[in-house]
Amino acid sequence: MCGIIGYTGKEKACPILLDGLRHLEYRGYDSAGVAVENSDREDHPIEIVRVKGRLQALTEKTNDGASVEGRCGIGHTRWATHGEPTELNAHPHAAKDRRVVVVHNGIIENFQELREVLTRRGYEFHSQTDTEVVAHLLDAYYQGDALDAIARAVTRLRGTFALGILFREEPGVIYAVRKDSPMIIGRAESGNLIASDVPAILKYTRNVCYVKDLEIVRLTEDSIRFFSIDKEEIQKEFTTVQWDADAAEKGGYAHFMLKEIHEQPKAVADTIHPRLKDGRVDLSELGFEESEIASLRRIQMAACGSAYHVCVTGSYVLEKLTGIPVDVDLASEFRYREPVIEPNTLMVVVSQSGETADTLAAMRYAQQKGVPVLAIVNVVGSSIAREADKVLYTWAGPEIAVATTKAYSTQLAACYLLALYIAQIRGTMTDEAISSHVEELLSLPGKIERLLEEKERIQWLANKFSAERDIFFIGRGLDYASSMEGSLKLKEISYIHSEAYAAGELKHGTISLIEKGTLVVGVATQPQLVEKEISNMVEVRSRGACVLGITSYGNYTIEDHDDFTIYIPKTADCFYPSLVVIPLQLLAYYVSLARGLDVDKPRNLAKSVTVE
Ligand code: AGP
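Just so it is clear, the model here is predicted, and its values are computed rather than measured.

Caption draft 1: Main features of helix H12 (residues 357–368). Its 12 residues place the ends of H12 16 Å apart at the C-alpha level, agreeing with the 16 Å of an ideal helix rising 1.5 Å per residue. Within H12, nine of the 12 residues are buried, leaving the element largely enclosed by the surrounding structure. For H12, every residue scored as buried is listed here: Ala357, Asp358, Thr359, Leu360, Ala361, Ala362, Met363, Tyr365 and Ala366. Buried residues along H12 sit in contact with strand E18 (298–303), helix H11 (331–334), strand E20 (345–351), strand E21 (373–377) and helix H13 (383–387). Looking one or two residues beyond H12, the residue adopting positive phi is Gly370, at roughly 80°.

Caption draft 2: The arrangement of the sheet that holds strand E27 (residues 564–568) in detail. With respect to topology, five strands assemble into an open sheet ordered E24-E23-E25-E26-E27, the strand pairing being parallel. Among the strands making up the open sheet, the edge pair consists of strand E24 (497–502) and E27. Within this sheet the neighbouring strands show an average axis-to-axis angle of 15°, counted without direction. Strand direction decides the pairing type here: strand E26 (residues 546–552) and E27, joined by five bridges, are parallel. Bridging from a neighbouring strand, Ser552 pairs with Ile568 of E27. Contacting strand E23 (470–475), strand E25 (519–524), E26 and E27, helix H16 (residues 455–465) crosses the sheet at an angle of about 145° to E27.

Caption draft 3: Seen up close, the site of the ligand. Contacts to the ligand come from 14 residues, most closely from Ser351, Gln352, Ser353, Thr356 and Glu492. Ser306 is positioned such that a nitrogen or oxygen atom in its backbone is 3.1 Å from an oxygen atom of the ligand. A distance of 2.7 Å separates an oxygen atom of the ligand from a polar atom in the side chain of Glu492. Here the ligand loses 90% of its free accessible area of 410 Å² to cover by the protein chains.

Caption draft 4: Representation of empty space enclosed by the protein within the structure. Enumeration over the complete set of coordinates arrives at one cavity of 30 Å³ or more. Taken together, 13 residues make up the lining of the largest cavity; nearest its centre are Cys2, Thr81, His91, Gly106 and Asp130. In terms of residue count, the dominant contributor to the lining of the largest cavity is strand E6 (residues 100–108) (three residues). Grouping the amino acids of the lining of the largest cavity by side-chain chemistry returns three nonpolar, eight polar and two charged.

Caption draft 5: Up close: the side chain of Thr359. By the element assignment, Thr359 lies in helix H12. Residue classification places Thr359 among the buried residues on the basis of a relative accessible area of 1%. Excluding its chain neighbours within four sequence positions, the residues that come into contact with Thr359 are Ala302, Ala303, Cys304, Ala331, Val349, Val350 and Ile384.

Caption draft 6: The state of the cysteines, seen in detail. This structure, assessed with the given rule, holds zero disulfides. Cys304 carries a free sulfur, and the closest cysteine sulfur to it, the one in Cys311, is 9.1 Å from it. Among the residues examined, Cys304 registers a relative accessible area of 22% and is labelled partly exposed.

Caption draft 7: A look at helix H18 (residues 530–541). Spanning 12 residues, H18 covers 16 Å between terminal C-alpha atoms, matching the ideal 16 Å at 1.5 Å per step. Of the positions making up H18, those classed as buried are Val530, Glu533, Ile534, Asn536, Met537, Glu539 and Val540. Where H18 is buried, its residues touch E23, helix H17 (478–494), E25 and E26.

Caption draft 8: Representation of the nonpolar core within the structure. Membership of the largest hydrophobic core comes to 122 residues, with the highest contact counts inside it found for Ile299, Val348, Leu441 and Val521. What Ile299 contacts, discounting residues up to four positions off in sequence, is Leu318, Ile324, Pro325, Val326, Asp327, Leu346, Val348 and Ile422. In terms of nonpolar packing, the next biggest core, distinct from the first, is built from 34 residues, Leu118, Ala140, Leu157 and Phe167 among them.

Caption draft 9: Quick peek at the pairing of strand E13 (residues 223–227). Note that strand E12 (residues 216–220) and E13 share five bridges and pair antiparallel. In the sheet register, Val217 faces E13, and the bridge partner there is Phe226. In this antiparallel pair of consecutive strands, E12 and E13, the connection spans two residues. Here E13 pairs with strand E14 (residues 233–234) via two bridges, running antiparallel. Residue Phe226 lies in a different strand from E14, and its bridge partner there is Ile234.

Parameters and conventions
- Residues numbered from 1 in each chain as written.
- Predicted model: local features only at pLDDT ≥ 70, side-chain atom pairs only at ≥ 80, totals over all residues.
- Heavy atoms only, no water.
- Helix = DSSP H or I, 4+ residues; strand = E, 2+ residues; numbered from the N terminus.
- Expected span 1.5 Å × (residues − 1).
- Buried < 20%, exposed > 50% of the residue type's maximum accessible area, 1.4 Å probe, protein only.
- Contact = heavy atoms within 4.5 Å.
- Pairing = 2+ DSSP bridges.
- Axes fitted to C-alpha atoms, helices over the stretch in contact; angles between N-to-C directions.
- Near = heavy atom within 4 Å.
- Polar contact = N/O pair within 3.5 Å; in protein donor to acceptor, adjacent residues only side chain to side chain.
- Areas by Shrake-Rupley, 256 points an atom, 1.4 Å probe, with all protein chains shown as cover.
- 1 Å grid on protein atoms, 1.4 Å probe; cavity = no way out; pocket = protein on both sides within 12 Å on 5 of 7 lines; lining within 4 Å.
- Points joined across faces, edges and corners; volume = space filled by probe spheres on them.
- Nonpolar A, V, L, I, M, F, W, Y, C, P; charged D, E, K, R; others polar.
- Disulfide = S-S within 2.5 Å.
- Core = buried A, V, L, I, M, F, W, Y, C linked by side-chain atoms within 4.5 Å.

From the geometry alone we can't say anything about function, so treat these as descriptive.
As structure tokens, then:
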């Protein structure tokens, strides 16, 4: 997820581009750039300025935009997916002699294939990005008719894209086109704008138009024209935006956490789709030799906080589907227990930020012991990503709220992909089983979407329990791992004391904490364990607990043994954690909201813990 902007009008473009990008930094902030075409000069050159790092660096490099001449330009703030955050990989990207210049938000899945074709045709590539392919492809198709070049090029692209495009031979003109990535058009007094989202242009206009997939837009300082992919001109409606900039950055949601909870269907889809082909999992991007996978004797996992809960869930799924024994450690404990690591062990670390000190140290410890490390990371170019032997990126985009939600869900999906990939190579699952799991994986985004529609009821439950002193979560196996995440989410943003327990452990001591009215959330999704989990709910309820049961449709007997029930759609046993976590996140969010707390920036916490 990156932020793009474009302006063509009577004013100097660069200050407007910088201002717009400032309101898009929540979409990505690891590098930035602008391209401005100076149509007031005979040769109307296109100047490109790019930086590594926050937008502030670009603002300084362009002296707040004053040093860049021209009234027509495009800009970009990046969230790296392909190619580390560097000046060379920053956008805009240009074709030879800057005949075509583009900014892009999205992922071109077939970029490698197109890159090989274009290289054979003599095109030189300067960056590691997927985006540069688009600039050269447009250049290859451009025969003086920009609309035609765009229409032909986008039909060759697979994946998601919102593009802002300058053609050197069409001064003062910006083209835009999108598929599955957002794009809006703004009509302002002084000129016309393109942007990834409303916050970028609110200062200049509230008159916007939402571009649909494969619609092409041509903007000049005093005209906006829309075309279909068949180059037919079409009419479009403009609407007036009511939001203020802050609300707009949150996409109209009250908090980044709620926005990110609602971004999970797309984040999971973006993470799994490029790795699923013809009912099989393709993780060739990791570069494992099949022999490496075949000879694996053990998997060691380590991480912190919510990422550790992903490891606990991942360990169950990996062991079950691959038959390889999996150990899981809290990263802060791992190296100090001086673990014995046998040969043919693969170390897997999980981290949203890629900067968590304990996880980094655990990884380095394993590497010093000669153990290869696969990192599941969300931030491209982060320390863990750079130092790991192999990286499986989650494509959740930037996560702003301290309490992780969408990154967590993409990390679960990454573990499922890894387990299925290893099972495929080691032959521990039949082809039918693989393809039925792949089908279930592809259905997860839709099922998460459906669960989000139930948020009002969960808000009602949360308001009911928001004054609780203690809240417990219980479950067995994968449900215990999900309970741990539910309890952490609640603790970190509501400040209510909460614990998660392996349900079978209760009678060995903890059940003494249960008294009249104590809220116990019982998670029961695993078919072979539901009965046992329900009997644990009966145990606590008989001591006065109020039980909120979470189970899949069909397990209706639970209603005889709990006080409130949340049903989740059926799925493959090992994918239930991806569905259970949605009501648990919403419960924590609404309890925090009911207690009037700072949901996005809870006390005493940081988004990335870079100290031990
Ligand atoms: C989770 O909501 C917290 N922000 C925290 O527990 C987090 O999971 C932990 O600090 C690990 O962070 P990482 O994924 O960036 O390594």
